[in-house]
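Structure assessment
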Amino acid sequence: MLKRGHSVGFLGYREHHGGGAEALRLAGPDNKTKQYDGGVLRKRTQVEADVLAREKAAHELADALPKEISTIPTIDLFLPEALKDAVFVGHLVTDLDSVGGAIGAAALYNGKAALASEINSETAFALDEWGVDKPPTIEEVLKENPDAKICLVDHQQTSQMNPAINPDNVVGVIDHHALQSKTIVTDRPIYIDIRPWGSMSTIISHTFLTHQKRPSVGVAGMLLCAILSDTLNLQGPTTTEWDRLMVATLSEIAAVDDIQFLASQQFKEKSKELAGLSAHGLVNGDQKAFSFSTETFTGDVGFAVVETTDDAVIIDRLDELLPEIVACKMEKNLSALFLAVVNIVELKGTLLLCGPSELSLAKAAFPGCEVNDANTMMDLGSRVSRKKDYIPEITKAIKAGWTKPLKRGVSVVDMVEALGKLEVDPADYNRITRRGSVLAVKVGEHFTVDDDSIVDEENCI
């Protein structure tokens, strides 16, 4: 059975309806539902409604592009010469937007895509679905060409950059995140393209169109999947009109008839991997650290996110996850470390709290949110985005004068040995488990956070 990326077809755009052809084919009586065998009606999903609302614009945009892959030069739009032949690479703990965007940028600027770290199951699905080869690692690329020009995609912080990259060789940044701490500093001007959109791949897609360049079906498919991933099927709070229009247009170019089916299959793959990951993998899988320096607090705050279609499967492992959050926090010398479990179907978030500092900062950042009796979980309601919902509120709380509380936590004395060792599962090299940690919760017991006792802050986590 051929994958989407194995076939090429540029004609008949209208029949794809911006990815909503299947929704139209099964349209219910009111034209707002999807009717299945047996008369079952389902309300159109947000992504189906969004692409259908933009099918005319998407068709016109796609139809206006050259019918074959073209490299016709333009003189009225700036195409940075510095990015030609550059290596495009995303951030550590790489995700689909990082990889899809790198592949798209490499095709757009005649460069080469590389991986900052091993891909996840969702990215593997997209590569297979569109028949695109997995890019080499950045280490492999730099081994062949140590002085290669580098363009960072989907990040600009040195803390998220692969250590093999020499900052002096960075010639560009294409990103959609805020300029936080540890943003790369260069000795000379470089190309910068940062836009407040829901996905970095949206920027690449838009640049293809503005330069009248047609992405191949495989590249268009990768960009499409990347945008769907980062915007939670166009339902996330960071989603913009540009994300919606690019999804509809890319669906036309990639000949997608059922955008909802593609999105569902993609997120199902992501959830499969999360459910089988060890506690260490879940805590470290999508974790970023942010540095702060105010009159009342100086330190680094880590924030990890687990996105899943079944948050109960992850939350049920609370007593396994909380000790691992503590261990990771101590190993990385973080002042606080949070883990948010986001249900990408119901669009709700739950924040895991491993200590008094996390409890105090969470209460300051999200006042009114309910905390469980053990002080280990906070219901964040409809807040689901680290970029828009979580970090901005934590930043506001810290800038407003939050200070680390003098609450008793786990002693840091002799914790190097007490944290145990990370071991690789011989049956699954991607599964790393911590063994021999004193923080592990014993069978029949539950992890709790003390919100009352006061001790010296230097002995707290």
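Our structure is the block above this text.
Owing to the predicted nature of the structure, the values given are computational and were not obtained by experimental measurement. (Residues numbered from 1 in each chain as written. Predicted model: local features only at pLDDT ≥ 70, side-chain atom pairs only at ≥ 80, totals over all residues. Heavy atoms only, no water.)

Details of the pairing of strand 10 (residues 336–343)
Residues in a regular strand point their side chains to alternate faces of the sheet. Rules: Relative accessible area decides the class of each residue, using a 1.4 Å probe on protein chains only: under 20% of the type maximum gives buried, over 50% gives exposed, and in between gives partly exposed. Numbering of helices and strands runs from the N terminus, with a helix taken as a DSSP run of H or I at least four residues long and a strand as a DSSP run of E at least two residues long. Any two strands between which DSSP finds at least two bridges are classified as paired.
Most of strand 10 sits inside the fold, with 8 of its 8 residues counted as buried. What you see with strand 10 is no split at all: Ala 336, Phe 338, Ala 340 and Val 342 on one side and Leu 337, Leu 339, Val 341 and Asn 343 on the other are buried throughout. Sheet analysis places strand 9 (residues 298–308) next to strand 10, joined by 8 bridges and oriented parallel. If you follow Ala 304 over to strand 10, its bridge partner there is Leu 339. Pairing of strand 10 with strand 11 (residues 348–352), which is carried by 5 bridges, proceeds in the antiparallel orientation. Bridge pairing in strand 11 links Val 342 to Gly 349.

With respect to the sheet that holds strand 6 (residues 170–175)
Put simply, the rule reads: Convention adopted: a line fitted to C-alpha atoms gives each axis, helices being fitted over their contacting stretch, and angles between N-to-C directions are expressed from 0 to 180 degrees. Contacts: residue pairs with any heavy atoms within 4.5 Å of one another.
Across the sheet, which stays open at both edges, the 5 strands sit in the order 4-3-5-6-7 with parallel pairing between neighbours. Bordering the open sheet on either side are strand 4 (112–114) and strand 7 (191–194), each of which pairs with just one other strand. Averaged over all pairs of adjacent strands, the angle between strand axes in this sheet comes to 20 degrees, irrespective of strand direction. Here helix 4 (residues 96–108) sits on the sheet and contacts strand 3 (87–89), strand 4 and strand 5 (150–153); the angle it forms with strand 4, its principal contact strand, is near 165 degrees. Across the sheet, helix 7 (residues 200–210) is in contact with strand 5, strand 6 and strand 7; its angle to strand 6 comes to roughly 105 degrees.

Some thoughts on the environment of Glu 358
The cut-off we apply is this: In the analysis that follows, any N or O atom pair within 3.5 Å is treated as a polar contact, provided that within protein one partner can donate a hydrogen and the other can accept it, and provided that, for residues neighboring in sequence, both atoms belong to side chains.
By secondary structure assignment, the location of Glu 358 is in helix 14 (residues 356–365). Residue classification places Glu 358 among the buried positions, given a relative accessible area of 0%. Residues Glu 358 and Val 301 lie 57 residues apart in sequence; the distance between their C-alpha atoms is 9.4 Å. Setting aside its immediate chain neighbours within four residues, Glu 358 contacts Lys 329, Ser 335, Ala 336, Leu 337, Phe 338 and Leu 353. A polar atom in the side chain of Glu 358 sits 2.8 Å from the side chain of Lys 329.

Section: the side chain of Ser 181
The topology assignment puts Ser 181 in the loop between strand 6 and strand 7. Residues contacting Ser 181, with those up to four places away along its chain left out, are Gln 157, Phe 290 and Ser 291.

Quick notes on the sheet that holds strand 10
In spatial order, the strands read 8-9-10-11-12; together these 5 strands make up an open sheet with mixed pairing. Looking at which strands have only one partner, the edges of the open sheet turn out to be strand 8 (287–293) and strand 12 (377–381). Ignoring strand direction, the axes of neighbouring strands in this sheet form an average angle of 25 degrees. Here strand 8 runs beside strand 9; their pairing, made up of 7 bridges, is antiparallel. In the strand pairing of strand 9, Lys 288 is matched with Phe 303. Those strands touched by helix 13 (residues 318–331) are strand 8, strand 10, strand 11 and strand 12, and its axis lies near 140 degrees from that of strand 10.

Things to note about unusual backbone geometry
Unusually for a residue other than glycine, Ala 255 sits at a positive phi of about 60 degrees. Turning to its location among the elements, Ala 255 is positioned in the loop between helix 9 (241–253) and helix 10 (259–276). On the basis of relative accessibility, which here comes to 30%, the residue Ala 255 falls in the partly exposed class. Residue Asn 333 is not a glycine yet carries a positive backbone phi of 55 degrees. Inspection of the secondary structure assignment puts Asn 333 in the loop between helix 13 and strand 10.

A short note on the pattern of salt bridges
The cut-off we apply is this: We define a salt bridge as a side-chain nitrogen of Lys or Arg found within 4 Å of a carboxyl oxygen belonging to Asp or Glu.
Enumeration according to the criterion identifies 11 salt bridges in this entry. Where Glu 118 meets Lys 134, a salt bridge forms, and the shortest distance between an N and an O atom there is 3.2 Å. Placement of the pair is Glu 118 in the loop between strand 4 and helix 5 (121–129) and Lys 134 in the loop between helix 5 and helix 6 (138–144), with a sequence separation of 16 residues. The partner of Lys 348 in a salt bridge is Glu 346, with the nearest N and O atoms 3.1 Å apart. Within the structure, one salt-bridge network assembled from shared partners comprises Asp 50, Arg 54, Glu 241 and Arg 244.

Concerning empty space enclosed by the protein
Inclusion rule: Computed over the protein atoms alone on a 1 Å grid, cavities are sets of points where a 1.4 Å probe fits but cannot get out and pockets are open sets with protein on both sides within 12 Å along at least five of seven lines; a residue lines them when it has an atom within 4 Å of a point. Grid points are joined across faces, edges and corners, and a volume is the space filled by probe spheres set on the points. Each residue gets one label: Ala, Val, Leu, Ile, Met, Phe, Trp, Tyr, Cys and Pro are nonpolar, Asp, Glu, Lys and Arg are charged, and the others, such as Gly, are polar.
Per the stated rule, a full pass over the model turns up 1 cavity of 30 Å³ or more. Approximately 40 Å³ is the volume attributed to the largest cavity. If you go around the largest cavity, the residues you meet are Ser 205, Phe 208, Leu 209, Pro 215, Leu 223, Met 246, Thr 249, Leu 250 and Ile 253. Of all the secondary structure elements, the ones that give two or more residues to the lining of the largest cavity are helix 7 and helix 9. Looking at which element gives the most residues to the lining of the largest cavity, the answer is helix 9, with 4 residues. Across the lining of the largest cavity, the residue classes tally to 7 nonpolar, 2 polar and no charged.

A look at helix 14
Counting buried positions over the 10 residues of helix 14 gives 7, a clear majority of the element. Of the positions making up helix 14, those classed as buried are Pro 356, Ser 357, Glu 358, Leu 359, Leu 361, Ala 362 and Ala 365. Buried residues along helix 14 sit against strand 9, helix 13, strand 10, strand 11, strand 12 and helix 15 (386–399).

Quick look at the packing of aromatic side chains
Worth spelling out the cut-off: What counts as a ring pair is set by centres within 6.5 Å for rings of Phe, Tyr and Trp (its six-membered ring), and what kind of pair is set by the plane angle: stacked under 30 degrees, edge-to-face over 60, tilted for all other angles.
In this structure the tally under the stated criterion is 6 aromatic pairs. With a centroid separation of 5.8 Å and 20 degrees between ring planes, the pair formed by Phe 88 and Tyr 109 is classed as stacked. With Phe 88 in strand 3 and Tyr 109 in the loop between helix 4 and strand 4, this residue pair connects regions lying 21 residues apart in the sequence. There is no split in this pair, since Phe 88 and Tyr 109 are both buried. Taken together, a centroid distance of 5.4 Å and an interplanar angle of 25 degrees make the contact between Trp 197 and Trp 242 stacked. Residue Trp 197 is located in the loop between strand 7 and helix 7, and its partner Trp 242 is located in helix 9; the two are separated by 45 residues in the primary sequence. Overall, Trp 197 belongs to the buried group, its relative accessible area being 9%. By relative accessible area, which is 38% here, Trp 242 ends up partly exposed.

Such coordinate-based values are descriptive only and should not be taken to indicate function.
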